[in-house]
Amino acid sequence: MTLTAEAAPRPKRAAKPSRTARTTDQRAADQHAVVTAVERAADGVVAITLAHPEGRRLPDWTPGAHIDLVLADGTMRQYSLCGDRWDAHAYRIGVLRDPASRGGSATIHDTLRVGDTVRLGGPRNTFRLVPSPRYVFVAGGIGVTPLLPMIRQAELLGADWHLFYLGRSRSTMAFLDELVPHGQRVTVLAKDEVGPSDLGALIGPARADTKVYACGPQRLLDGVLAAAEADRWPEGWVRVERFAAAEQGEPARAQPFDVVLARSGATVTVAPGTTVLDAVQAAGAAVLSSCREGTCGTCEVAVLDGAPDHRDSILSPAERRANTCMFPCVSRSCSDRLVLDV
Ligand code: FES
């Protein structure tokens, strides 16, 4: 993508469907759930099971989806759903105690108990499993969580698959026991047993029948993407989900730009240092938000005109080029004016 091309005026277009399903993705964190189980899943990892307070069905979800979990102190964090998507009465998440966290995982580990009530947002899915005869899954530590439902789905559909599960040591790798029945389909690569892994060798050369899904720490994902590029995997065939925002360069423009709120007709000017999200919310637009760092997908809005400066960690290169949606918590504008469907 060249910014010059992106900044060129384009014809007005009609609103297109969002890249994700708004019917489930735009749920605010206004549902309640009760904790029904808190279990140790590995060193520093707990598995939390949640249910509707009155035993009703929970919203449906698909493999790769995550929820917002809002704790009693108002802290909101996103966690991948790692249970059985066909069990409509239970959500399961895995939570790693992160020493560098802003308190969310430590609060969950130290205070969340069976019987507690939490608020939920979502589910939403920015890491969808696309149909394929064969999958290679690469998990780094707690990054195994979104891949567990994907594996179940692959099994259900009769797809060929293999999981490479990397971690520091087996004692820190959650849900290993659930993977044992899959035998040779799972390769456990504990660093204290086998040393560092060659990611290029794991995913191998591009294959027409294979999609790669990876989730884990940034270094692992950067390594997977670099290996995919070196091995000429086609764009979009290797999908990653990040825990933290990817590094972004400087914004495309340093000047203010205008954002037109198509539903009200209002125009707001977004100054450098102000996010589009803050500007449109201040103008009265009802745009949900959660992570505010371009990783969760909550704030997604449709772009009707203009050229966004995509600065999220969610969209694929093709989705960026399509310019049909953006994440205003981090993304800005290449053009003088953006028209958003808000
Ligand atoms: S609030 Fe999470 S991507 Fe914008």
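What you are looking at is a predicted structure, and each value in this text was computed from that prediction instead of being measured.

A.B. asks: Account for helix α8 (residues 218–230), with residues named and values stated.
C.D. replies: When the terminal C-alpha atoms of α8 are compared, their 18 Å separation across 13 residues agrees well with the 18 Å that a helix rising 1.5 Å per residue should span. Within α8, the full set of buried residues consists of Leu220, Leu221, Val224, Ala227 and Ala228. For α8, the angular spread of the buried residues around the axis is 125°, confining them to a single face. The exposed residues of α8 that point more than 90 degrees off its buried face are Arg219, Glu229 and Ala230. In the segment just after α8, Arg232 is the residue with positive phi, at about 60°.

A.B. asks: Would you mind going over the sheet that holds strand β3 (residues 66–70) in detail, with residue names and values included?
C.D. replies: With antiparallel pairing, six strands are arranged side by side in an open sheet as β4-β3-β6-β1-β2-β5. At either margin of the open sheet sits one strand with a lone partner, and together these are β4 (76–80) and β5 (91–96). In this sheet, neighbouring strand axes are inclined to one another by 40° on average, regardless of whether the strands run parallel or antiparallel. One ladder, built from four bridges, connects β3 with strand β6 (residues 117–124); its direction is antiparallel. Looking at β6, one finds that Leu69 is bridged to Leu120.

A.B. asks: Describe the environment of Trp86, naming the residues involved and giving the relevant values.
C.D. replies: Position of Trp86 relative to the elements: it lies in the loop between β4 and β5. The class of Trp86 is exposed, set by a relative accessible area of 55%. Considered as a pair, Trp86 and Asp60 are 26 residues apart in the sequence and their alpha carbons are 8.3 Å apart. Excluding residues that lie within four positions of it along the chain, Trp86 makes contacts with Gln153 and Leu156.

A.B. asks: Outline the nonpolar core, listing residues and values.
C.D. replies: Counting 31 residues, the largest nonpolar core has Phe137, Leu163 and Tyr165 as its most contacted members. In terms of residue count, helix α4 (residues 147–157) provides more of this core than any other element does, five residues in total. Core analysis: the next-biggest nonpolar cluster, separate from the first, contains 24 residues, Leu261, Val280, Leu315 and Leu340 among them.

A.B. asks: Which residues make up the side chain of Gln153, and what values do they have?
C.D. replies: Relative to the helices and strands, Gln153 resides in helix α4. If we skip the residues at most four places from it in the chain, Gln153 touches Pro63, Arg85, Trp86 and Leu129.

A.B. asks: Which residues make up the sheet that holds strand β14 (residues 301–305), and what are the values?
C.D. replies: In space, the five strands of this open sheet follow the order β13-β12-β18-β14-β16, with mixed pairing throughout. Lying at the two open borders of the sheet, with one neighbouring strand each, are β13 (267–270) and β16 (325–326). As paired strands, β14 and strand β18 (residues 337–340) are joined by two bridges and run antiparallel to one another. Residue pairing for β18: Val303 is matched across the bridge by Leu340.

A.B. asks: Would you mind going over the pattern of salt bridges in detail, with residue names and values included?
C.D. replies: According to the stated counting rule, one finds 19 salt bridges in the structure shown. The partner of Arg124 in a salt bridge is Asp68, with the nearest N and O atoms 2.9 Å apart. Residue Arg124 is found in strand β6, and its partner Asp68 is found in strand β3; the two are separated by 56 residues along the sequence. Take Arg124 and Asp68: they sit in the same class, and that class is buried.

A.B. asks: Kindly report on the state of the cysteines, identifying the contributing residues and their values.
C.D. replies: This model, assessed by the stated rule, comprises zero disulfides. Unpaired in terms of disulfides, Cys82 finds its nearest cysteine sulfur in Cys215, a separation of 11 Å. Overall, the relative accessible area of 0% leaves Cys82 in the buried class.

A.B. asks: Run through the pairing of strand β12 (residues 257–261), naming residues and quoting values.
C.D. replies: Within β12, four of the five residues are buried, which leaves it mostly tucked inside the rest of the structure. The pairing of β12 with β13 spans four bridges and is classified as antiparallel. Paired with Asp258 across the strands is Thr269, a residue of β13. Counted between consecutive antiparallel strands, the loop separating β12 from β13 contains five residues, among which Gly265 sits at a positive phi close to 85°. Pairing of β12 with β18 involves four bridges; the strand directions are parallel.

What counts as what
Residues numbered from 1 in each chain as written. Predicted model: local features only at pLDDT ≥ 70, side-chain atom pairs only at ≥ 80, totals over all residues. Heavy atoms only, no water. Helix = DSSP H or I, 4+ residues; strand = E, 2+ residues; numbered from the N terminus. Expected span 1.5 Å × (residues − 1). Buried < 20%, exposed > 50% of the residue type's maximum accessible area, 1.4 Å probe, protein only. Arc of directions from axis to C-beta. Pairing = 2+ DSSP bridges. Axes fitted to C-alpha atoms, helices over the stretch in contact; angles between N-to-C directions. Contact = heavy atoms within 4.5 Å. Core = buried A, V, L, I, M, F, W, Y, C linked by side-chain atoms within 4.5 Å. Salt bridge = Lys/Arg side-chain N within 4 Å of Asp/Glu carboxyl O. Disulfide = S-S within 2.5 Å.

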